[in-house]
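Commentary on secondary and tertiary structure
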Amino acid sequence: MDASAQNLNLTRIGRVAVTTADTERALDFYVGTLGFEKVVDIPMGPEGMRWVEVKLPGTETNIALSPPPPDRSAGGQDTGIILDTPDVEAAHTALRDAGADVDEEISRMGDPVPPMFWVRDPDGNSLIVVQPAEA
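A few points on the structure. This structure is a prediction, so every number in the text was calculated from the model and none was measured. (Residues numbered from 1 in each chain as written. Predicted model: local features only at pLDDT ≥ 70, side-chain atom pairs only at ≥ 80, totals over all residues. Heavy atoms only, no water.)

1. A word on the environment of R25
To keep it simple, the criterion reads: A run of DSSP states H or I qualifies as a helix once it reaches four residues; a run of E qualifies as a strand once it reaches two. Both are numbered from the N-terminal end. Note on contacts: a residue pair is in contact if any heavy atoms of the two residues lie within 4.5 Å. Each polar contact in these results corresponds to two N or O atoms within 3.5 Å; when the atoms are within protein, one needs to be able to donate a hydrogen and the other to accept it, and residues that are neighboring in sequence are counted only if both atoms are side-chain atoms.
With respect to the element layout, R25 can be found in helix 2 (residues 23–33). Residues within four places of R25 in sequence aside, it is in contact with P122 and D123. At 2.6 Å, the side chain of R25 and the side chain of D123 are in polar contact.

2. Focus on the packing of aromatic side chains
How we decide: In this scheme Phe, Tyr and Trp rings, the latter by its six-membered ring, pair at centre separations within 6.5 Å, and the angle between planes marks the pair as stacked below 30 degrees, edge-to-face above 60, and tilted otherwise. Note on exposure labels: buried denotes an accessible area under 20% of the residue type's maximum, exposed denotes more than 50%, and partly exposed covers the range between, all computed with a 1.4 Å probe on protein chains only.
Per the counting criterion, the structure on display carries two aromatic pairs. Relative to Y30, the ring of F29 has its centre 5.1 Å away and its plane inclined at 90 degrees; by these criteria the two rings are edge-to-face. Both residues of the pair, F29 and Y30, belong to the buried class. The interplanar angle of 80 degrees and the centroid separation of 5.9 Å between the aromatic rings of Y30 and F36 together place this pair among those described as edge-to-face. With respect to class, Y30 is no different from F36; both count as buried. The structure contains a cluster of three or more aromatic residues connected by ring pairs, namely F29, Y30 and F36.

3. What to know about the sheet that holds strand 4 (residues 62–66)
Spelled out, the test is: For two strands to count as paired, DSSP must find a minimum of two bridges between them. Interaxial angle, 0 to 180 degrees, is taken between N-to-C directions of lines fitted to C-alpha atoms, where a helix line uses only the stretch in contact.
One open sheet accounts for four strands, arranged 1-4-3-2; its pairing is mixed. Among the strands making up the open sheet, the edge pair consists of strand 1 (15–19) and strand 2 (37–43). Within this sheet the neighbouring strands show an average axis-to-axis angle of 25 degrees, counted without direction. Direction of pairing for strand 2 relative to strand 3 (residues 50–55): antiparallel, over a ladder of six bridges. Bridge pairing links D41 to V52 in strand 3.

4. Focus: the side chain of N62
By the secondary structure assignment, N62 is in strand 4. In this structure the side chain of N62 is engaged in a polar contact, spanning 2.7 Å, whose partner is the side chain of E53. Those residues in contact with N62, other than ones at most four positions away along the chain, are G14, R15, V16, V39, E53, V54 and K55.

5. Some thoughts on the pattern of salt bridges
For the record, the criterion: Each reported salt bridge corresponds to a side-chain nitrogen of Lys or Arg within 4 Å of a carboxyl oxygen of Asp or Glu.
Overall, the coordinates contain 10 salt bridges when judged by the stated rule. For D41, the salt bridge identified is with R50, shortest N-O distance 2.8 Å. For D41, a relative accessible area of 31% puts it in the partly exposed group. A salt bridge links D101 to R120; its shortest N-O distance comes to 3.1 Å. Residue D101 is found in strand 6 (residues 101–102), and its partner R120 is found in strand 7 (residues 116–120); the two are separated by 19 residues along the sequence. Overall, the relative accessible area of 42% leaves D101 in the partly exposed class. Residues joined in a network through salt bridges with shared partners are E24, K38, D41 and R50.

Below is the structure:
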């Protein structure tokens, strides 16, 4: 390991940020539709702004539902967030039935790529739902 990397003392991926235009709408999706729990909700910055974090129960990494930087608009991100499920078919059906914006079909590319589909939050940020081989 490079000496500068040792000095960083990085210990984990604590959170990832997803930009949202409407915090309440994002919370409805991440908590109400995806089953995350809200773990942080505090005022920040200009009046009415909040720092909100959600996470899946029993996991370590949070998703910060944050307003975009001043010179950018919210949403439309390919977040790179991959959510694991033991049953991709059931997850796809449940999200579709809940009215979530999901791919029409589950992508099946064959081994070693697991079956997966994309789901988009109300701001158009995409996440991937995957059934890993070990699930």
